[in-house]
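Each chain, written out:
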Amino acid sequence: MKASLFAFALLVMVFDADAQASDVGVGGPLPAWKRGELDIHHINTGRGEAQLLILPDGTSLLVDTSGKTEEKPPFSLPTRPDASRAPGEWVARYVQRVLPKPANRIDYVLLTHFHGDHMGAIVPESPRASNGAYRLSGITEIAEHLSIGKVIDRGWPNYDYPTTLSNPTVDNYRKFLDWQSANRGLAVEQFQPGRNDQLVLLRDPKDHPSFEIRNLAANGNVWTGVGTVTRSIFPPIERLAKDDYPIENKLSIAFRVSYGSFDYFTGGDLSSSDEETAFAPAPWKDIETAVARVCGPVEAMKANHHGSWDANSIAFLAALRPRVIVVGTRADGHPAINTWKRMTSQRVWSGPRDIFATNVSPATAATSYDIEKIAKSTQGHVVIRVEQGGASYRVFVLDDSNEEMRVKAVFGAYASN
Ligand SMILES: [Zn+2]
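As the structure is a computational prediction, the values presented were derived from the model and not from experiment. (Residues numbered from 1 in each chain as written. Predicted model: local features only at pLDDT ≥ 70, side-chain atom pairs only at ≥ 80, totals over all residues. Heavy atoms only, no water.)

## Description of the side chain of serine 60
Part 1 of the reasoning: Its location among the elements puts serine 60 in strand S3 (residues 60-63).
Part 2 of the reasoning: Owing to a relative accessible area of 2%, serine 60 belongs among the buried residues under this scheme.
Part 3 of the reasoning: In this structure serine 60 touches Leu53, Leu99, Arg105, Ile106, Asp107 and Tyr108, once residues within four positions along its chain are discounted. (Helix = DSSP H or I, 4+ residues; strand = E, 2+ residues; numbered from the N terminus. Buried < 20%, exposed > 50% of the residue type's maximum accessible area, 1.4 Å probe, protein only. Contact = heavy atoms within 4.5 Å.)

Structure below.
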């Protein structure tokens with residue numbers, strides 16, 4: 001009897017979102033992060049991805065910066081909250097609002113890969129930095145508002161895999177790194193797959209011994225699950241024809257955040273097939289499944305490649321079995337109809353799951369079956385807040401139409417397994 005009452009109480013805790021919601025004040029601002037909590041903010045600018053992690057001791061990690069893309073609608077959605085500022089500046093302001101005071105510095109900025117919707121594209125009208133040394137978009141714009149401790153990317157210091165990287169966006173970014181290193185003490189590192197000591201708690205690591213960030217993959221090198229050993233999923237580059245080189249998305253950085261029994265996966269724009277050569281693709285092109293298998297099941301994940309059709313395969317989802325999925329959208333077709341079907345299918349993996357999309361366009365709503373009914377949210381910033389120690393977590397959806405950080409809805413608490 002006692003056991004069943006306990007089970008009933010647990011059910012109420014897990015599924016009665018309304019009871020939880022009243023505790024945290026839907027309609028009011030997001031309660032401030034507290035020491036011991038892990039916050040994962042999926043910031044919606046409509047123009048790409050930016051995730052801010054506030055780690056349990058207050059260490060801050062910005063994963064991608066959103067930013068201008070070279071593309072116009074329908075390949076990108078309108079800027080949120082509005083077009084009066086560039087996406088990178090909206091992200092910087094968001095970060096300043098939620099970081100613990102004095103909120104003037106980000107410890108780590110990590111770029112998953114070198115595309116404009118993740119780092120900010122440089123276009124002819126991109127303004128110059130106040131120091132005159134480079135132009136502003138995405139990551140370079142962040143540095144106008146906040147100082148950055150360390151930048152981690154997949155290419156430093158040579159930017160030559162799979163071939164020499166040179167375009168207006170990357171060239172400008174390298175000028176930015178040079179200037180910030182010489183004048184502001186910025187540190188820069190290449191992401192090292194396999195390691196669990198590159199992204200670390202910088203303030204009080206001893207207070208949170210169960211916290212870990214495990215580097216899973218970059219440039220096609222994937223952790224094996226043994227020590228820090230990796231293997232390359234891609235063939236040696238000299239064996240490939242130039243037009244068969246892995247595309248930028250497949251080179252994305254992926255990592256797993258663990259806190260007690262809570263696990264979270266994020267992997268940029270990893271994919272399982274090629275957008276333009278999906279007919280009988282070579283096995284190595286399914287990089288995301290190799291990464292998911294070594295990651296193992298997670299409580300929550302960010303969907304790869306904005307929920308595009310070439311990503312979040314059946315094998316990928318079946319390996320991660322997420323309870324919570326956040327889709328960071330930036331265009332029509334995010335998430336794609338077939339990806340949406342995989343995410344919602346009980347045949348891919350069984351059990352409940354809650355799906356949150358940061359921004360669903362009318363075209364996507366019309367084509368991705370019942371997404372507005374089934375998804376827990378189709379508009380707004382999505383914040384996963386993990387309680388001290390990691391045993392449970394909640395999901396907050398925030399109004400993205402202004403900067404008031406008002407809570408639209410709260411889900412959970414979910415128990416970590
Ligand atoms: Zn992208």
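## A word on the sheet that holds strand S1 (residues 38-42)
Part 1 of the reasoning: Taken in spatial order, the nine strands line up as S6-S5-S4-S3-S2-S1-S15-S16-S17 in an open sheet, and their pairing is mixed. The open sheet has two free edges, formed respectively by strand S6 (187-190) and strand S17 (407-415), since each of these has just one partner strand. When the angles between neighbouring strand axes are averaged without regard to direction, this sheet yields 15°.
Part 2 of the reasoning: Running at roughly 20° to strand S2 (residues 51-54), helix H3 (residues 87-98) makes contact with S1, S2, S3, strand S4 (105-110), strand S15 (381-386) and strand S16 (392-398) of the sheet. (Pairing = 2+ DSSP bridges. Axes fitted to C-alpha atoms, helices over the stretch in contact; angles between N-to-C directions.)

## A short note on the coordination of the zinc ion
When a metal holds four donors in a tetrahedron, each ideal angle between them is 109.5 degrees; when it holds six in an octahedron, the ideal angles are 90 or 180 degrees.
Part 1 of the reasoning: Asp117 (OD), His118 (NE2), Asp269 (OD) and His306 (NE2) make up the full set of protein donors to the zinc ion, lying at 2.1 Å.
Part 2 of the reasoning: Read in sequence order, the donor residues for the zinc ion give the motif D-H-x150-D-x36-H. Taken together, the residues span a long stretch of sequence, with histidine 118 in helix H4 (residues 116-119) and histidine 306 in the loop between strand S12 (300-302) and helix H8 (314-320) at a distance of 188 residues. Judged on exposure class, the residue histidine 118 and its partner histidine 306 are both buried. (Donors = N, O, S within 2.8 Å, 3.2 Å for Na, K, Ca; no water.)

## Side note on the packing of aromatic side chains
Between two aromatic rings, the relevant description is the distance of the centres plus the angle of the planes.
Part 1 of the reasoning: Summed over all chains, the structure comprises twelve aromatic pairs.
Part 2 of the reasoning: Ring plane angle 70° and centroid distance 6.0 Å describe the contact between phenylalanine 211 and tyrosine 259, whose orientation is recorded as edge-to-face. A residue pair is termed long-range when its members are at least 10 positions apart, and phenylalanine 211 in strand S7 (residues 211-218) and tyrosine 259 in strand S10 (residues 254-259) qualify at 48 residues.
Part 3 of the reasoning: Where phenylalanine 234 meets tryptophan 284, the ring centres are 5.2 Å apart and the plane angle is 70°; that geometry is what we call edge-to-face. Separated by 50 residues along the polypeptide, phenylalanine 234 in the loop between strand S9 (230-232) and S10 and tryptophan 284 in the loop between strand S11 (262-266) and helix H7 (287-295) bring together distant segments of the chain.
Part 4 of the reasoning: Judged by relative accessible area, phenylalanine 234 falls into the buried class, the value being 4%.
Part 5 of the reasoning: Pairwise contacts between aromatic rings join Phe114, Tyr134, Tyr159, Tyr173, Phe176 and Trp179 into one cluster.
Part 6 of the reasoning: Over the face of the ring belonging to tryptophan 349 we find arginine 353, whose NZ or CZ atom lies 3.6 Å from the ring centre. (Phe/Tyr/Trp six-rings, centres within 6.5 Å; stacked < 30°, edge-to-face > 60°. Lys NZ or Arg CZ within 6 Å of the ring centre and 35° of its normal.)

## Comments concerning the pattern of salt bridges
Part 1 of the reasoning: Counted under the stated rule, the structure contains 22 salt bridges.
Part 2 of the reasoning: Put simply, Lys34, Glu37, Asp39 and Arg385 are held in one network by salt bridges that share partners. (Salt bridge = Lys/Arg side-chain N within 4 Å of Asp/Glu carboxyl O.)

## As for the pairing of S2
Part 1 of the reasoning: The side-chain alternation of S2 yields two buried faces, one formed by Gln51 and Leu53 and the other by Leu52 and Ile54.
Part 2 of the reasoning: Sheet topology places S1 next to S2; four bridges connect them, and they run antiparallel. Residue pairing for S2: isoleucine 40 is matched across the bridge by leucine 53.
Part 3 of the reasoning: Where S2 and S3 come together, four bridges link them in antiparallel fashion. Residue leucine 52 lies in a different strand from S3, and its bridge partner there is leucine 62.

## Some points on helix H9 (residues 337-344)
Part 1 of the reasoning: Inspection of H9 places Thr339, Trp340, Arg342 and Met343 among the buried residues, and these make up the whole buried set. Each buried residue of H9 lies within a common arc of 160° when the element is viewed along its axis, so the set occupies one face.
Part 2 of the reasoning: Where H9 is buried, its residues contact H8, strand S13 (324-327), strand S14 (354-357) and helix H11 (371-374). (Arc of directions from axis to C-beta.)

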